[in-house]
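The primary structure of each chain is shown beneath.
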Amino acid sequence: MQYIKKLLIGLFLGANVLTVLLLWTSCACTWVSPSVVPQQTVMTLAFPIFLMANLAFVFFWLISKARFAVLSVLGMLVAGGYVMDYCPLQCQDDVPEDSTLLLVCYNIGTVAGPENHQAFVQYVKETDADILCLQEVADPSLLTSVAFKAMLDSMGYKIQQQENRCVLSKLPFVGGVSSLSYLSKTGNGTMVCRLRYGADTLLVVNNHLESYGLTNEEKDGYKKVIRHPESEESPSTVLALARRISATAQIRGSQADSLCAYIDAHSGESMIVCGDFNDTPISYVYQQMGKRLKCAWRENGQGIGLSYNQMGFFVRIDHIFHSSDWVSYKTRIDNKIELSDHYPLHTFLRRKPN
């Protein structure tokens, strides 16, 4: 009996070591561009699974062999920066009453039809943001509707648009709009504009990077795997999804490199870089951006922050980054509006005094 007990403990200990190594591997995969090794994206997406497995082992060891709990605890501490990127837990500071800007980042892809148009216009009015960065404006009639134009005039918004991305701003625009040149198979891209803020200018980079492009059939297949992993169809479904994820990640990795090169070329300028990056905080895209700019959610968001609202897909793929001359406050996901398959991402920004 004692031998069997030792054997079981050894097996669980080995499994725990494996979960720690997998957690570390998923973090390390963010160091390599998916344009070079696209398969790494599958490992980075599995980060929350490995994290939850390590948390489960902590509770398991505390009940059985408390001293072994240190293995998972140390494993998570080593990956602590990534854990905090994924799920920050800090308290949120109050928003200063003066000199703050409210920025809203929103992929409105499925907002279509007069009724939804009206609901979106009403949302903009109630939110009263200073800057709105919109992505995937799939229904161009929204921007030309009478209600939308009336809202722009009544609230003092100016608009600049580049294909299916646009920026609404109460701050005046300086010059025209430009875009970054990179490969995209699905019409995604990056628009760049400048705003006048006091005596300075603010560079706004609005992104919609390559999406996974999953069909409804592939989404349903993914949900079936989650619900019934023991199904005979699961291995083939998982393999097909992995191939699709890797193919789109390869394109997105190249886009991220182009975006980072642009940011490096404008280093030292005041800037906001936001949008639908189609990648989680445990990704090459996010980590490369985080090396250059501050992430508003990492600075003062709380929890995982699910910005994609389709059932079964528990991810935050919309992000707001800003240069170090700004401080962000009370970054949050507004999950009270469900016009799109994304939720809006809000943050308050305040310029640091010179």
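Just so it is clear, the model here is predicted, and its values are computed rather than measured.

Caption draft 1: Summary view of the overall build of the chain. Counting secondary structure elements, the chain contains twelve helices and twelve strands. Expected size for 354 residues packed as a compact globule is a radius of gyration near 20 Å; at 22 Å, the chain falls within 12% of this value. In terms of overall dimensions, the chain has C-alpha extents of about 80 × 50 × 35 Å along its principal axes. Put simply, the chain has 354 residues, and 50% of those count as buried. Pairs at least 24 residues apart make up 72% of the contacts formed inside the chain by residues separated by at least 6 positions.

Caption draft 2: Representation of the packing of aromatic side chains in the model. By the definition in use, this model includes eleven aromatic pairs. Each ring, one from Phe 57 and one from Trp 61, has its centre 6.4 Å from the other, and the planes form 20°; the classification is stacked. Remark: Trp 61 and Phe 57 occur in helix 3 (residues 47-63); sequence separation between them is four residues, near one turn of the helix. What makes Phe 57 buried here is its relative accessible area of 13%. Over the face of the ring belonging to Phe 68 we find Arg 67, whose NZ or CZ atom lies 4.9 Å from the ring centre.

Caption draft 3: Structural context of unusual backbone geometry. We note that Asp 128 has phi near 55°; this positive angle belongs to a residue other than glycine. Here Asp 128 shows up in the loop between helix 6 (114-127) and strand 2 (131-135). Judged by its relative accessible area of 38%, Asp 128 falls in the partly exposed class. Even without being a glycine, Lys 330 presents a positive backbone phi close to 45°. Along the polypeptide, Lys 330 turns up in strand 11 (residues 326-333).

Caption draft 4: Structural view of the nonpolar core. Core analysis: the biggest nonpolar cluster contains 45 residues, and Ile 131, Val 273 and Met 289 have the highest contact counts within it. In contact with Met 289, other than residues within four places in its own chain, are Leu 259, Cys 260, Ile 263, Val 273, Phe 277 and Phe 321. Core analysis: the second largest hydrophobic core is formed by 24 residues, Val 124, Leu 143, Phe 148 and Cys 166 among them.

Caption draft 5: The sheet that holds strand 9 (residues 294-295), seen in detail. The six strands lie next to each other as 5-6-7-8-10-9, forming an open sheet whose pairing is mixed. Each of the sheet's edge strands pairs with one partner strand only, and the pair in question is strand 5 (178-179) and strand 9. Pairing of strand 7 (residues 200-208) with strand 8 (residues 271-276) involves six bridges; the strand directions are parallel. Within strand 8, the position partnered with Asn 207 by the bridge is Gly 275.

Definitions and cut-offs
Residues numbered from 1 in each chain as written. Predicted model: local features only at pLDDT ≥ 70, side-chain atom pairs only at ≥ 80, totals over all residues. Heavy atoms only, no water. Helix = DSSP H or I, 4+ residues; strand = E, 2+ residues; numbered from the N terminus. Rg over C-alpha atoms; globule rule 2.2 N^0.38 Å. Buried < 20%, exposed > 50% of the residue type's maximum accessible area, 1.4 Å probe, protein only. Contact = heavy atoms within 4.5 Å. Phe/Tyr/Trp six-rings, centres within 6.5 Å; stacked < 30°, edge-to-face > 60°. Lys NZ or Arg CZ within 6 Å of the ring centre and 35° of its normal. Core = buried A, V, L, I, M, F, W, Y, C linked by side-chain atoms within 4.5 Å. Pairing = 2+ DSSP bridges.

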